[in-house]
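# Structure assessment
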Amino acid sequence: MFTRTCRCVLVLCLVLAAPAAASNRYDPRLRFRTISTARFDIHFHQGEDALARRLAGIAEHVATELEPAMGTLQQRVSVILVDQTDLSNGWATPTPFNLIEIAAVPPHGDSNIGNTSDWLRIVFTHEYVHIRHLERAGGWIGRGRAIFGRLPFLHPNLFLPTSQIEGLAVFHESGQTREGRIPAGDFRLIVGQGAASGRFEPLDRAATVPVDWPSGSIPYAYGAFFTQFLADTYGAESLSRLADATASRAPFFGSAAYKKIYKKSLGELWAEFKADASARTVLTPSDARRLTHHGFHVSGPQIVDGGRLFYSVAGAHDFPALMELTPEGPATVTTRVLGSRVSPAGDDLVFDEVEFVRSVALLSDLYAVPRKGGERRALTREARAVDPDVSPDGRTIACAVQMTGRRILATLPYSSGGTVQAPLALIDEPSTEFSSPRWSPDGRLLVAERRRLGGPSEIVLIDMGSRTVRMLTASAHGRSVTPSWTPDGREILFASDRDGGAFSIYRIGLDGTALRKAGNLGNSAEAPVLSRDGSRLVFVGYTVEGSDLFDIPFAQVLWKAAATDIVPAPAPLIAAAGGPAVAYNPWGTLAPRFWFPVVEEDGDRLAFGAGTAGTDALGRHYYFTAASWSSRLRPDWNASYAYDRWRPTLFGDLSDSTDPWKQGTVRVRELNAGAVLPFRRIRQGHALFGGVHAATEEVACAACAPAIDTRVARRALRAGWQFNAARAYGYSISPEEGWRGSLSSEWTRKALGSDGNAASVIADVRGYLRAGPRHGALAGRVAFAAASGDPRVRRAFSAAGSDAQPGGVRFSFDAIGLLRGFDASDVSGRRAAVINADYRFPLRWIERGVGTWPLFLRSLHGALFADRGAAWDGTLRARDWRTSFGAELSADVVLGYWVPVSFTSGVAWRDDPSGATRGATAFVRLGRAF
């Protein structure tokens, strides 16, 4: 539930980006229908009927429960329930209309959002709080909304620091359900460990999302417990008054409202919060030894054979990977995206990871790789299989499989040279989530996690002969997760936070008695695994840098008796609701919900106008239109539209603009239409583009000598391809590995209505290689553009310019130009070529801001560069080449709490054989060079 809360001009960004990005939000095979209640429209697809009606009942119940604290809705809410990913998530936006999306996939219990017995209720509560919080507007802003509609800038709470937005939602998520993150010990440890270790996050870092650990958890954890502190200290009713106060202030100035509500500044309140958190936290000593120092996310330890230790890591320095801890240190076995379990199978390792399916869905499958590394092979395809464990005889894999509304246990045969197979259901219970199956040493039993809807977290035993399920232990509060066997098969080890703290390791006999808790493993211990001889316990522990592996001789673990929980009967579930289901209709949400004024310079005049934009709930239609008038009778206008229901994405745009030129005018009318077909995978992606282009340029100048009255028409077909396998990580200052490229071509023809025949081709290839200090990189680029044909319609290209070259399919004059220190017009012709080389190196990692100002300095980095470029019309000569070399200094910043921007200044020394441009010059740029 790492909420992608919409900020600022989301709809405008979607509209403008849709043709290029071809997002395809939902798998085209999903057929959506809608059921409605008094306040909500629930959009769902095939297979989700029962879930959708249960969500409809939850939505009305939560809205009624929250009404005293958060008021009534201003408009209806559209809620999308979609099951096309194995990642638990949700997001919400109040503009251009109230919209929530929920992934219908409950999280695993050991995740920091896994403390829930009803995922739909907790995720809906979180996202609905966002809607109620972010749609508010008071004072002059509220009056402005009556004029302009739901314009993003008239939603002031959208522009609050991230911790204030997410903190309120997490607070209510737990307040309404008595579950969620606030009562979860592992989540509380994020703040507690920071406070006890002298690394309590300051206000400026909590306002955005730093790369440094706790990274994306900072606004949720610090925001939630700060909100809880305010409620406990000053009363929960103060939170509603605060939300109203911030909703009446200009964007980015909401933090000043704390003084009005609490008579103390936000900084003073944050200091009180820090003191309170420090007083509450006591670190528990540990006798365990720390094995790794990755930080961030380490998971799924597995001891193989005589002691080889495998595990998974996901951090901010490298691509996620399956690792082995060797005597020489950590070594990568293979890259791995999400998933945490790993199991030995002969000379192989079996593991799970997610991958894009049909470029949209993120689904988990099983894979095998040799222990020594090498080529991996798929064991399942689109199976949604997770948590694999291979039987002791090496013949059968047990796993969990995500289904709509439940997660089942399944098995499939394993062979080292086998083909892709489909898992077969072993245990399938309605509205039940199974996880982490593990074979007993004799292969007769499985142990697994189980959580029934509304029920407690359980550790269960499955008899493989009779397929009966027996509950071994349950947690009245909290979770019981990651079970494993002792080598003799007589006991189960598992992790639980049932005592209200962070996860601790427990052991229990197969008869459900003799429950004991480990007492000397530190503040947090989970994912326990014993060596084959039972002498060594390895587990995942938490540090101020994140999670890492620890070990301890099993004989040195101090065990103390733990009481068996008395689990109360589950509370009755909220009744389903909703009227008859009807086919999804986009028109109800597609109408314009806001308009914005346009003021722009038009020569020596000002032009005034208006525009609007919109999309429907499922994002099938996007549109944008704007027009402006100056003293001329003819308006400038443009309109764009994209249709994103099927593959490929279809788009079109029209524009008509008139600009002053000398003593006359230049009028350009343009049409672009086409399709984009993306092929997206996690490690690489590419896209095909095809379209038509029509432009008419009219130049009129009666006062010129001689008078000018010309008209040029260009009608063309366009095609393009782009590929991206470059990699950048959290701490990267640039792509560090891999390459990306693009190829574009345009054919202008009289047969299409053009004034002449012409053609052009543009190629751009760039590569990246790690070099020097950590996150330093060598970057190289070669680009070429050429045009031929009738001079009236033939393209010209520049090889020069200091602006960023983002790459991709482009056809314009500046499509390839990058010769720093030269103006784009200095080096242009029918053909152009550019060679660029950079050495990029980090200078300082800062990640600090000033209070809640919407400016956060992430890092400083530098680059040494050499550029060489030429443009020519006839034969390329040596004196056509220009050269520049120099240095750059860049600052990576985050604006408005969420927009990353790179500001670059540089000095270039220029060599121009023509003598027109020589010597040193300075330049500035937004973004990386390439």
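What this report covers is the structure whose coordinates are included nearby. (Residues numbered from 1 in each chain as written. Predicted model: local features only at pLDDT ≥ 70, side-chain atom pairs only at ≥ 80, totals over all residues. Heavy atoms only, no water.)

Within the secondary structure layout, F608 lies in strand β33 (residues 605–615). Sequence spacing of F608 and A627 is 19 residues, and the spatial spacing of their C-alpha atoms is 8.2 Å. Non-local contacts of F608, meaning those with residues more than four positions away in its chain, are made with V598, V599, S628 and W629. (Helix = DSSP H or I, 4+ residues; strand = E, 2+ residues; numbered from the N terminus. Contact = heavy atoms within 4.5 Å.)

With that out of the way, let us pick up the sheet that holds strand β10 (residues 329–335). Spatially, the four strands line up as an open sheet ordered β7-β8-β9-β10, and their pairing is antiparallel. Looking at which strands have only one partner, the edges of the open sheet turn out to be β7 (297–304) and β10. Direction aside, neighbouring strands of the sheet carry axes that sit 30° apart on average. When strand β8 (residues 308–314) meets strand β9 (residues 321–326), the two strands line up antiparallel, connected through five bridges. Paired with V313 across the strands is A321, a residue of β9. (Pairing = 2+ DSSP bridges. Axes fitted to C-alpha atoms, helices over the stretch in contact; angles between N-to-C directions.)

Tallied over the entire structure, the rule returns one disulfide. Here C701 is linked by a disulfide to C704, with a sulfur-sulfur distance of 1.8 Å. A torsion of 80° about the S-S bond marks the disulfide between C701 and C704 as right-handed. On the accessibility criterion, C701 (1% relative accessible area) is buried. (Disulfide = S-S within 2.5 Å. Buried < 20%, exposed > 50% of the residue type's maximum accessible area, 1.4 Å probe, protein only.)

Now for the environment of H43. Here H43 shows up in strand β2 (residues 40–45). Contacts of H43, omitting those with residues within four sequence positions, involve F32, R33, T34, S78, V79, I80, L81, Y584, A617 and L618. Within the structure, H43 has its side chain in polar contact with the side chain of T34 (distance 2.8 Å). (Polar contact = N/O pair within 3.5 Å; in protein donor to acceptor, adjacent residues only side chain to side chain.)

The next point concerns the packing of aromatic side chains. Evaluation of the coordinates by the stated rule reveals 36 aromatic pairs. Ring centres of W213 and F296 lie 5.7 Å apart, and the angle between their planes is 70°; this geometry places the pair in the edge-to-face category. With W213 in the loop between α7 (203–206) and α8 (218–234) and F296 in the loop between β6 (289–290) and β7, this residue pair connects regions lying 83 residues apart in the sequence. With respect to class, W213 is no different from F296; both count as buried. For the ring pair W213 and Y542, a centre distance of 6.3 Å and an interplane angle of 55° mean the geometry is tilted. Pair noted here: W213 is in the loop between α7 and α8 and Y542 is in strand β28 (residues 536–543), with a separation of 329 residues, a long-range link. (Phe/Tyr/Trp six-rings, centres within 6.5 Å; stacked < 30°, edge-to-face > 60°.)

This part takes up the sheet that holds strand β29 (residues 546–553). Strand order in the open sheet formed by four strands is β6-β29-β28-β27, and the pairing between neighbours is antiparallel. Here the strands that pair on one side only, and so sit at the sheet edges, are β6 and β27 (526–530). Two elements, β28 and β29, share eight bridges in a ladder whose sense is antiparallel. Bridge pairing links T543 to G546 in β29.

For the rest of this paragraph, the subject is helix α2 (residues 49–70). The end-to-end C-alpha distance of α2, which contains 22 residues, comes to 30 Å, matching closely the 32 Å that a straight helix rising 1.5 Å per residue would cover. The axis of α2 is deflected most strongly, by about 30°, at T64, and proline P68 appears within four residues downstream. Within two residues after α2, G71 carries a phi angle of roughly 80°, on the positive side. (Expected span 1.5 Å × (residues − 1). Bend = angle between axes of the 7 residues up to and from the residue.)

Bringing the nonpolar core into the picture now. Ranked by internal contacts, the top residues of the largest apolar core, which has 74 residues, are F40, I102 and F124. In contact with I102, other than residues within four places in its own chain, are L55, V79, I80, L81, V82, N89, W119, L120, V123 and F124. (Core = buried A, V, L, I, M, F, W, Y, C linked by side-chain atoms within 4.5 Å.)

Here we take up the packing of α2 against helix α3 (residues 119–134). It is at 9 Å that the axes of α2 and α3 come closest, and there the two elements cross at 45°. The angle between the axes of α2 and α3 places the two elements in the oblique class. In this structure, α2 crosses over α3, and the sense of that crossing is right-handed. Together, L51, R54, L55, I58, A59, H61, V62, A63, L66 and M70 of α2 and L120, R121, F124, T125, Y128, V129, R132 and H133 of α3 make up the contact between the two elements. (Parallel < 35°, antiparallel > 145°, perpendicular 65-115°, else oblique. Left-handed = near helix turned anticlockwise from the far one by under 90°.)

Let's shift gears to the packing of α8 against helix α11 (residues 266–280). For the pair α8 and α11, the least separation of the axes is 10 Å and the interaxial angle reads 95°. One finds that α8 runs roughly perpendicular with respect to α11. Where α8 abuts α11, its residues Y222, F225, F226, F229, L230 and Y234 lie against L266, L269, W270, E272, F273 and D276. Here the contact of α8 with α11 is built from residues that sort into 10 nonpolar, no polar and two charged. (Nonpolar A, V, L, I, M, F, W, Y, C, P; charged D, E, K, R; others polar.)

A side chain with one charge may pair with a side chain of the opposite charge, provided their charged atoms come close. Overall, the coordinates contain 69 salt bridges when judged by the stated rule. Of the charged contacts in the structure, one is a salt bridge between R795 and E746, with a shortest N-O distance of 2.9 Å. Pair noted here: R795 is in the loop between β42 (777–789) and β43 (797–798) and E746 is in strand β40 (residues 738–748), with a separation of 49 residues, a long-range link. The two residues R795 and E746 agree in class, both being buried. For D764, the salt bridge goes to R766, with nearest N and O atoms at 2.7 Å. Here D764 matches R766 in class, with each residue buried. (Salt bridge = Lys/Arg side-chain N within 4 Å of Asp/Glu carboxyl O.)

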